[in-house]
Amino acid sequence: EEQVDFLIELCNSLKSENAELKGKVETLEGELQVKTQTETAFAEQRENIRGKIDGLMDRLNNYIDVAS
């Protein structure tokens, strides 16, 4: 009977630990999704800035060519 009680307590303990771990997994998945979205937005912003710089460089080169 003691062994049965021990096994029931162990099972309840493992269920509790499992619920905690599932909660942590959900939290980490949410954090990962936010990080991925942030990285995507950063990459898009970087490409936008790079495009603007390229456009300005082209205009500057055209101005230098015309001035020469």
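Reading guide: rules and limits
- Residues numbered from 1 in each chain as written.
- Predicted model: local features only at pLDDT ≥ 70, side-chain atom pairs only at ≥ 80, totals over all residues.
- Heavy atoms only, no water.
- Helix = DSSP H or I, 4+ residues; strand = E, 2+ residues; numbered from the N terminus.
- Rg over C-alpha atoms; globule rule 2.2 N^0.38 Å.
- Buried < 20%, exposed > 50% of the residue type's maximum accessible area, 1.4 Å probe, protein only.
- Salt bridge = Lys/Arg side-chain N within 4 Å of Asp/Glu carboxyl O.
- Patch = residues over 30% accessible without salt bridge, like charges linked within 9 Å, V, L, I, M, F, W, Y side chains within 5 Å.
- Areas by Shrake-Rupley, 256 points an atom, 1.4 Å probe, with all protein chains shown as cover.

### Describing the overall build of the chain
Each helix and strand counted, the chain has one helix and zero strands in total. A compact globule built from 68 residues should have a C-alpha radius of gyration of about 11 Å, whereas the chain, at 29 Å, is more than 25% larger. Each of the three principal axes of the chain carries a C-alpha extent, and together these read 100 × 10 × 5 Å. Residues classed as buried in the chain amount to 0% of the 68 residues present.

### With respect to the pattern of salt bridges
Scanning all chains against the criterion turns up one salt bridge. The residue Arg50 makes a salt bridge to Glu47 at a minimum N-O spacing of 3.8 Å. With Arg50 and Glu47 both in helix H1 (residues 2-67) and three residues apart, this pair spans about one turn of that helix. Among the residues examined, Arg50 registers a relative accessible area of 44% and is labelled partly exposed. Given a relative accessible area of 47%, Glu47 falls into the partly exposed group.

### Structural notes on a nonpolar patch on the surface
Together, Ile49, Ile53, Met57, Leu60, Tyr63 and Ile64 line one region of the surface with nonpolar side chains, adding up to about 600 Å² of accessible area. Turning to its location among the elements, Ile49 is positioned in helix H1.

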